[in-house]
Protein chains: 2
Amino acid sequence: MKIAALAGGVGGAKLAQGLARCHPAEKLTIIVNTGDDFEHFGLKICPDLDTVCYTLAGMENPSTGWGLRDETWNALQAVTSIGGPDWFGIGDKDLGTHLERTRRLRAGETLSGITREFCNFWSVEPLVIPMSDDAVPTVVITESNELDFQDYFVRQKCEPQVKGFKFSGSHRSKPAPGVLENIDGADIVIVCPSNPWVSIDPILALPGVRSALGGKPVIAISPIIGGKAVKGPAAKMFSELGIKASPLAVAEHYGSRQGGGLLSGFVMDDVDAALKAKIENLGLLVLVTDTLMRGSEDRIRLARQVIAFGETTIRREVS
Amino acid sequence: MKIAALAGGVGGAKLAQGLARCHPAEKLTIIVNTGDDFEHFGLKICPDLDTVCYTLAGMENPSTGWGLRDETWNALQAVTSIGGPDWFGIGDKDLGTHLERTRRLRAGETLSGITREFCNFWSVEPLVIPMSDDAVPTVVITESNELDFQDYFVRQKCEPQVKGFKFSGSHRSKPAPGVLENIDGADIVIVCPSNPWVSIDPILALPGVRSALGGKPVIAISPIIGGKAVKGPAAKMFSELGIKASPLAVAEHYGSRQGGGLLSGFVMDDVDAALKAKIENLGLLVLVTDTLMRGSEDRIRLARQVIAFGETTIRREVS
């Protein structure tokens, strides 16, 4: 079974790692949000992409959710010693990634090509594709102004109230080479438990992605468990947009195939089992299981369950 | 006595430090070559400027002649682990300087303004001015092609034979604010024992610098001792350009005021004492002394001697 997975940051990276450890690498493609990419100190930084790649490589920092393990912080300390900003944490080793990526981009290479080569060096076997080689920066619309994503997310610690999001220029941009092809070639598409608003929607906003998904069984895993996001501002965003944060809200956000939306199936946590019937009523197959990924074994177990559920979904769609 | 010193890399930095330790900071301006500046990994790197500032701050790495002491190399190691170039050594702390400088330049600040602020943070008291806020990259003309300076200097380890130099676009550029003013305001200008071809000539090539120097007593310290450069390719350059490397060659390179050139006085090493008469014959006052700066005490002693010699030169010019 060929799988294409859409992923954002930490939650997406964890499930992607689970999938990579229980499914043949040549049958797995991870398409990663780059709406959170930005320039800092003149360097191109791709937080979600790096989190996914570092996690697949087993180099991730498990305590922060971003960056590399066993880091040193000498460059950033030097920056702050001359009055520079330290709101965005960059370790010395992590800097190496940003430096070499920036160098290659300036030499005319594409982000998708660079990512493929970095993954070779890092022994990451599944194909990892940034959603676009074009810059498609996510803008957070708040009560008072519009914020660059990392300004909202890191510098202001997600404190401003959100009113909506803009995926600037995504209609003028293209999915990276391999994005549409690997969706088209997939037997199933998995929407990882990433933030729907700022991790998955930016991917869906790219020209051609929704229509490519239209022909495929698509299953999403809820990033909301018991009304809360495991990590990040997803629940806060739902709430500020006037929606009670729950797996039902996530399922309604993506919509069911039957209702003109995206999904064929939906995976949610045991603690939300009471919502199962309501979500099924949207026209979705539903898997209720333990979706919290504490460690590596949880990731593999959940990945296996999602794949098995995907096979059921495919059979249902065919029949 | 107000002093303006022209400096390049290590030799210039050492004498600048000596001057700073024996002369009031408010009466000392160091004007630094930026012809060796370049972009690497998307960052603006100013090797001579940083060497001068780090040395004045007492943070320099005494064994390399560039970079900071007590460095770590994690970023560059990460770069090489993904196939990136390591020919230009950048330590983690040194990176902090390049990151914050690049960030500020992109925010619209000038190199001279940034340098002033960094020097405040580093407690560097004399005014340090990069020669220009414009990019004026030195190009090395070799037998077979033209090379960017750092390509020649670091990547190719000065191995190509030089045929000449170009200071690209210096006629279209401006000295940084304070350069001409501090030369005009100086009682004496000291040309540090830096490479005449690639450290001092780029400064002299800027519009207005030579004519500002025309009205001042100017003394140069020979970077060539016993036919060799203390550090760097100065002697090799003289030789490849068909000139026997010696203090005489340096004095003739700059020329005497009397012969239509730059200098009023010249400082050379004891080992070259036999050339004294020939250099005096150019019309120069000559000081012969121990010019090799081994440690901090040598720097201060030489600086004191140069200042005293400068006072003699001024009296001679006035009389």
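Before reading on, note that the structure itself is shown above.
Per chain, the residues get numbers from 1 upward, laid out in the order the sequence is written. Written order determines the labels here, with chains lettered from A and ligands numbered from 1. This being a predicted model, a pLDDT of at least 70 is required before a residue's local features are given, and a value of 80 or more before pairs of side-chain atoms are given or counted; all residues contribute to the totals for chains, interfaces and linings. Side-chain figures throughout are based on the complete set of non-hydrogen atoms in the structure, without hydrogens or water.

## What about helix 1 (residues 10-22) of chain B?
Put simply, the rule reads: Only DSSP runs of H or I covering at least 4 residues are called helices, and only runs of E covering at least 2 are called strands; the numbering of each starts at the N terminus. Take the residue count of a helix, subtract one, and multiply by 1.5 Å to get its expected span. Buried residues are those whose accessible area, probed at 1.4 Å on protein chains only, stays under 20% of the maximum for their type, while exposed residues exceed 50% and partly exposed ones sit between those limits.
Here helix 1 of chain B spans 19 Å end to end across 13 residues, near enough to the 18 Å set by a 1.5 Å rise per residue. Taken together, the buried positions of helix 1 of chain B are occupied by B:V10, B:G12, B:A13, B:K14, B:L15, B:A16, B:Q17, B:G18 and B:L19.

## Here we look at the interface of chain B and chain A
Many analyses report the size of an interface as the accessible area lost when the parts associate. Put simply, the rule reads: Contact criterion: two residues are considered in contact whenever any of their non-hydrogen atoms come within 4.5 Å of each other. Here's the idea: put two parts together, see how much 1.4 Å probe accessible area each one loses, and the total over both is what we call buried area. In the sections that follow, a salt bridge refers to a side-chain nitrogen of Lys or Arg positioned within 4 Å of a carboxyl oxygen of Asp or Glu. Any pair of N or O atoms that falls within 3.5 Å is considered a polar contact. Within protein, one atom must be able to donate a hydrogen and the other to accept it, and sequence-neighbouring residues count only if both atoms are side-chain atoms.
Every contact between the two is made by 28 residues of chain B and, on the other side, 28 residues of chain A. Buried surface at the junction of chain B and chain A, summed over both partners, amounts to about 2,300 Å²; 70% is from carbon and sulfur atoms. Of all residues in chain B, the largest losses of buried area upon contact with chain A belong to B:F41, B:I82 and B:L99, amounting jointly to 29% of the total for that side. Inspection of the region where chain B meets chain A yields two salt bridges. Residue B:R106 is joined to A:E39 by a salt bridge in which the shortest nitrogen-to-oxygen separation is 3.0 Å. Taken together, chain B and chain A are joined by four residue pairs in polar contact (both at pLDDT 80 or more). A total of 11 residues in the side of chain B that touches chain A trace back to one element, the largest contributor, which is helix 4 (residues 92-106) of chain B.

## Overview of the packing of aromatic side chains
The cut-off we apply is this: Here a pair means two rings of Phe, Tyr or Trp (six-membered ring of Trp) with centres within 6.5 Å. Their orientation is stacked below 30 degrees between planes, edge-to-face above 60, and tilted elsewhere.
Summed over the entire model, instances satisfying the criterion amount to 20 aromatic pairs over all chains. Relative to B:W122, the ring of B:Y54 has its centre 5.5 Å away and its plane inclined at 75°; by these criteria the two rings are edge-to-face. Of this pair, B:Y54 sits in helix 2 (residues 47-56) while B:W122 sits in the loop between helix 5 (111-121) and strand 5 (127-130); the two residues are 68 residues apart in sequence, bridging distant segments of the chain. With a relative accessible area of 12%, B:W122 lands in the buried category. Following the ring pairs from residue to residue traces out a cluster consisting of A:F38, A:W87 and A:F88.

## Regarding the relation of the copies chain B and chain A
This is how it is decided: We place the copies in one frame by least squares, fitting the C-alpha atoms of every residue whose pLDDT is at least 70 in both.
When chain B is fitted onto chain A, the two copies agree to an RMSD of 0.0 Å after a turn of 180° and an axial shift of 0.0 Å. As the rotation angle and translation indicate, the two copies are arranged about a two-fold axis. Mapped onto chain A, 100% of the interface residues of chain B again fall at the interface, so both copies present the same surface.

## A closer look at the environment of A:C53
All names here are of chain A. Position of C53 among the secondary structure elements: in helix 2 (residues 47-56). Overall, the relative accessible area of 2% leaves C53 in the buried class. With sequence-adjacent residues up to four places away left out, C53 is seen in contact with T115, C119, W122, V124 and V128.

## With respect to the packing of helix 4 (residues 92-106) of chain A against helix 3 (residues 74-81) of chain B
What counts here: Where helices are involved, their axes are fitted lines through C-alpha atoms of the stretch in contact, as for all axes, and angles between N-to-C directions lie from 0 to 180°. Roughly parallel refers to an angle under 35 degrees, roughly antiparallel to one over 145, roughly perpendicular to one between 65 and 115, and oblique to any angle outside these ranges. Crossing chirality is assigned from the near helix's rotation relative to the far helix, an anticlockwise turn below a right angle marking it left-handed and a clockwise turn marking it right-handed. Throughout this entry, Asp, Glu, Lys and Arg are counted as charged residues, while Ala, Val, Leu, Ile, Met, Phe, Trp, Tyr, Cys and Pro are counted as nonpolar. The remaining residues, Gly among them, count as polar.
Relative to each other, helix 4 of chain A and helix 3 of chain B sit at 50°, their axes nearing to 7 Å. By the angle between their axes, helix 4 of chain A is oblique relative to helix 3 of chain B. Here the hand of the crossing between helix 4 of chain A and helix 3 of chain B comes out right-handed. Of the residues in helix 3 of chain B, those in contact with A:D92, A:K93, A:L95, A:G96, A:L99 and A:E100 of helix 4 of chain A are B:N74, B:A75, B:A78 and B:V79. Residues that form the contact of helix 4 of chain A with helix 3 of chain B fall into these classes: five nonpolar, two polar and three charged.

## Some thoughts on helix 8 (residues 196-204) of chain B
Helix 8 of chain B sits mainly inside the fold: nine of its nine residues count as buried. Two or three places before B:W197, at the start of helix 8 of chain B, stands the capping residue B:N195, its side-chain oxygen 2.8 Å from that residue's backbone nitrogen.

## Thoughts on the sheet that holds strand 6 (residues 138-142) of chain A
Residues and elements named next belong to chain A. This is how the line gets drawn: Two strands are counted as paired when DSSP detects at least two bridges linking them.
What the three strands build is an open sheet, ordered 7-6-8; its pairing is antiparallel. Both outer strands of the open sheet, strand 7 (146-148) and strand 8 (162-167), are each paired with one neighbouring strand and no more. Mean inter-strand twist for the sheet, computed between neighbouring axes without regard to direction, equals 30°. Here strand 6 pairs with strand 8 via five bridges, running antiparallel. Residue T142 lies in a different strand from strand 8, and its bridge partner there is V162. This element, helix 8 (residues 196-204), spans strand 6 and strand 8 of the sheet and lies at about 25° to strand 8.

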